[in-house]
Amino acid sequence: HLQGPKGEAVVSTQSTGKLFVDHDGDGSGELDVEEMKTLIEGLKIVATNDDLNIMYSILDVDGGGTIDCDELICTIDGFMREVYTGSEVKESFDQLCSSVVENSQGDSQGDDVITAKDLSHAMNLAGVYMTEEDVLALLNEIDESGDGIIDFNEFRNTILGF
């Protein structure tokens, strides 16, 4: 099940397009059930076959039996906008920054930015274990300015899919 602001892996609208292309195994421009299952597993979302069927029917907005990239982006974008308000995004960001400071495993400077170390720590707390290379790739995807850290605006843009 997709969850709200307290836990799961979140996908930005920008990365959703790449995610779609990466999982469109036959290059048809549409995801079938098996490709969708692979995508969900790749996001580390644990789902039963019933869960997958429900997700698939929600994502297949036009009822065509497959999911195109626009359907995936629109559905995820809509979900994220329903789940997160601006204040909840700020609260999540602040909690992430303060939780790693309290554990002295991350943002030791307390400067309201997320570093690779912070991101790795947060993912570990969520039960998602990533290699250093994967953490850096995720950070680079979110880090719009290219300065090697995630500030609040970059975090917000990713969460809300701007």
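Everything numeric in this text was worked out from a predicted model, so none of it was measured.

Let's shift gears to the overall build of the protein chain. Secondary structure summary: the protein chain contains eight helices and two strands in total. Expressed as a percentage of its 162 residues, the buried residues of the protein chain come to 37%. Taking the contacts inside the protein chain whose residues are at least 6 apart along the sequence as the reference set, 50% of them involve residues at least 24 apart. For the protein chain, the computed accessible surface area is about 9100 Å², with 52% contributed by carbon and sulfur atoms.

As enumerated under the stated definition, the model contains two aromatic pairs in all. Both rings, one in Phe93 and one in Phe155, keep their centres 5.2 Å apart while their planes meet at 55 degrees; by these two values the pair is tilted. Here Phe93, found in helix H5 (residues 86-102), pairs with Phe155, found in helix H8 (residues 152-160); they are 62 residues apart in sequence, far enough to count as distant. Phe155 carries the same exposure label as Phe93, and that label is buried.

So, about the pattern of salt bridges. It is possible for side chains of opposite charge to pair when their charged atoms get near one another. The final tally for this structure, using the stated rule, is one salt bridge. Salt-bridge contacts for Asp94 lead to Lys90; the nearest nitrogen and oxygen are separated by 3.0 Å. Within this pair, Asp94 and its partner Lys90 are both found in helix H5, separated by four residues, close to a single helical turn. On the basis of relative accessibility, which here comes to 34%, the residue Lys90 falls in the partly exposed class.

Further remarks concern helix H7 (residues 132-142). Listed in full, the buried residues belonging to H7 are Val135, Leu139 and Ile142. The arc that holds the buried residues of H7, viewed along the axis, is 65 degrees, so those residues lie on one side. Turned more than 90 degrees away from the buried face of H7 sit Glu133 and Asn140, all of them exposed.

Ranked by size, the top nonpolar core spans 14 residues in total, and within it Val89, Phe93, Leu96, Ile114, Leu119, Ile150 and Phe155 carry the most contacts. Elements represented by at least two residues in this core include exactly H5, helix H6 (116-125), H7 and H8. Top contributing element to this core by residue count: H5, with four residues. Membership of the second largest hydrophobic core comes to 13 residues, among which are Leu19, Phe20, Leu52 and Met55.

Relative to the helices and strands, Thr38 is located in helix H2 (residues 33-42). Exposure remark for Thr38: the relative accessible area of 41% places this residue in the partly exposed category.

Attention now goes to the environment of Ala116. Its location among the elements puts Ala116 in helix H6. Each C-alpha atom, one on Ala116 and one on Ala137, is 9.5 Å from the other, the two residues being 21 residues apart in sequence. When sequence neighbours within four positions are dropped, the list of residues in contact with Ala116 reads Val135, Leu136 and Leu139.

With that settled, the discussion passes to the confidence of the model for the protein chain. Looking at the protein chain, pLDDT values average 74 and 72% of them are 70 or higher. Predicted confidence is poor over residues 1-13, with pLDDT under 50, and the contacts of this stretch with residues over four places away or in other chains come to 31 contacts. Taken together, the stretch residues 101-109 has pLDDT below 50 and engages in 14 contacts with residues farther than four places along the chain or on a different chain.

Reading guide: rules and limits
Residues numbered from 1 in each chain as written. Predicted model: local features only at pLDDT ≥ 70, side-chain atom pairs only at ≥ 80, totals over all residues. Heavy atoms only, no water. Helix = DSSP H or I, 4+ residues; strand = E, 2+ residues; numbered from the N terminus. Buried < 20%, exposed > 50% of the residue type's maximum accessible area, 1.4 Å probe, protein only. Contact = heavy atoms within 4.5 Å. Areas by Shrake-Rupley, 256 points an atom, 1.4 Å probe, with all protein chains shown as cover. Phe/Tyr/Trp six-rings, centres within 6.5 Å; stacked < 30°, edge-to-face > 60°. Salt bridge = Lys/Arg side-chain N within 4 Å of Asp/Glu carboxyl O. Arc of directions from axis to C-beta. Core = buried A, V, L, I, M, F, W, Y, C linked by side-chain atoms within 4.5 Å. pLDDT = per-residue confidence, 0-100.

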